[in-house]
Amino acid sequence: MPIRILIALFGVLAGVFLYLAWSQYEESWAIYSIPCVIAFAVLLSLKPQFEWWYYKRNPKDIPPGLRRVFEERLPDFYQRKSQNDKLLYRKRVFLTHMGIAFRGQGFEDDEIPVDVTTLIASQAARVMENTDRYVLEPFETVVLYKHPFPSPAYPDYWHSSELFEEDGVLLFNLENAIPGILLPQKHFNIVLYEWFRVANRVLGRRQTSVPDGEWQTLLAKTANLPPSWVQEAIGLPEVDGNAVKQVILAEFGQPKLR
């Protein structure tokens with residue numbers, strides 16, 4: 001990317017001028033290094049903003065290994081797309097992933113595999129697919145756990161997903177999050193659920209036409225599943241019925257007439 005080339009160029013030029021000043025005992029060379037050092041520092045400090053500006057205008061596809069994961073593992077919502085729409089979606093995922101800060105709890109060296117973080121970002125990209133948004137400010141931080149977790153907001157519940165609105169943070173237990181993304185008709189998609197909750201707040205999105213409080217009926221009609229399927233996946237005493245309905249419709253479609 002050009003910004004990285006410029007950073008490297010000014011860094012090298014500053015080093016060359018400083019070396020010449022030192023090796024030739026000529027202070028005038030050091031003067032030439034000053035604007036290079038300033039430019040290097042400015043570009044380095046603003047690198048995330050420059051990268052975001054550049055890639056938003058020139059979005060990249062995700063790496064080949066991740067493309068294979070998408071082709072082999074993602075469910076129908078992706079497989080039904082044309083090749084061109086798949087490419088557009090993957091570019092959206094790339095930008096969304098770039099705009100989210102991922103933090104791991106309980107991971108060695110606090111490093112999370114990029115395929116995991118990309119899958120989490122892919123669900124955010126789904127809820128923004130028909131918009132001009134790539135991130136949903138201020139919800140730009142995702143904390144990932146290996147197992148169910150308590151939290152300051154819910155200290156008595158070991159749960160698997162949470163939207164902590166005060167800090168703009170989403171929290172997920174990967175034991176439940178990844179199966180829900182890859183096998184949403186067997187495991188409730190808690191990641192899509194939380195991103196729908198965020199989108200409803202940030203975008204002021206109109207809710208589904210299903211009456212409030214009727215997600216249980218919708219789930220039974222579309223998937224023949226009980227409410228406990230959703231509640232146990234999330235792990236909290238109350239769920240956001242509107243977001244649940246949106247997930248059901250996204251993953252199972254409209255109920256069939258009988």
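The rules behind the values
Residues numbered from 1 in each chain as written. Predicted model: local features only at pLDDT ≥ 70, side-chain atom pairs only at ≥ 80, totals over all residues. Heavy atoms only, no water. Salt bridge = Lys/Arg side-chain N within 4 Å of Asp/Glu carboxyl O. Buried < 20%, exposed > 50% of the residue type's maximum accessible area, 1.4 Å probe, protein only. Core = buried A, V, L, I, M, F, W, Y, C linked by side-chain atoms within 4.5 Å. Helix = DSSP H or I, 4+ residues; strand = E, 2+ residues; numbered from the N terminus. Contact = heavy atoms within 4.5 Å. Pairing = 2+ DSSP bridges. Axes fitted to C-alpha atoms, helices over the stretch in contact; angles between N-to-C directions.

Engineer: What is the right way to look at the pattern of salt bridges in this model?
Structural biologist: If the charged atoms of two oppositely charged side chains come close together, the side chains can form a pair. Under the defined criterion, the tally for this structure stands at 10 salt bridges. Between Asp61 and Arg67 there is a salt bridge; the shortest N-O distance is 3.2 Å. Judged by relative accessible area, Asp61 falls into the buried class, the value being 18%. Notably, a salt bridge pairs Lys81 with Glu129, separated by 2.5 Å at the nearest N-O pair.

Engineer: What is the right way to read the nonpolar core from this model?
Structural biologist: Note that soluble globular proteins tend to have their nonpolar side chains buried in a common cluster. Ile120, Leu144, Phe172, Phe188 and Trp195 are the most contacted members of the largest nonpolar core, which totals 59 residues. Of all the elements, helix 9 (residues 190-202) adds the most residues to this core, at eight residues. Those residues in contact with Ile120, other than ones at most four positions away along the chain, are Phe102, Val142, Leu144, Phe172, Leu174, Ala177, Ile178, Ile181, Val191 and Trp195. Ranked by size, the runner-up nonpolar core spans five residues in total, among them Val143, Tyr145, Phe149 and Val169.

Engineer: What am I meant to see in the sheet that holds strand 2 (residues 141-145) here?
Structural biologist: Sheet strands pair via backbone hydrogen bonds, and the direction of the pair is either parallel or antiparallel. One open sheet holds the four strands; their spatial order is 1-2-4-3, and the pairing between them is mixed. Sheet topology places strand 1 (101-105) and strand 3 (161-164) at the edges, where each strand pairs with a single neighbour. Pairwise comparison of adjacent strand axes, ignoring direction, gives a mean angle of 20° for this sheet. Pairing geometry for strand 1 and strand 2, over five bridges, is parallel. Paired with Gln105 across the bridge in strand 2 is Tyr145. Set on the sheet, helix 8 (residues 174-182) makes contact with strand 2 and strand 4 (169-173); between it and strand 4 the angle comes to about 90°. Its contacts with the sheet place helix 9 against strand 2, strand 3 and strand 4, and it is angled at close to 20° to strand 3.

Treat this as a map of the structure, not an account of what it does.
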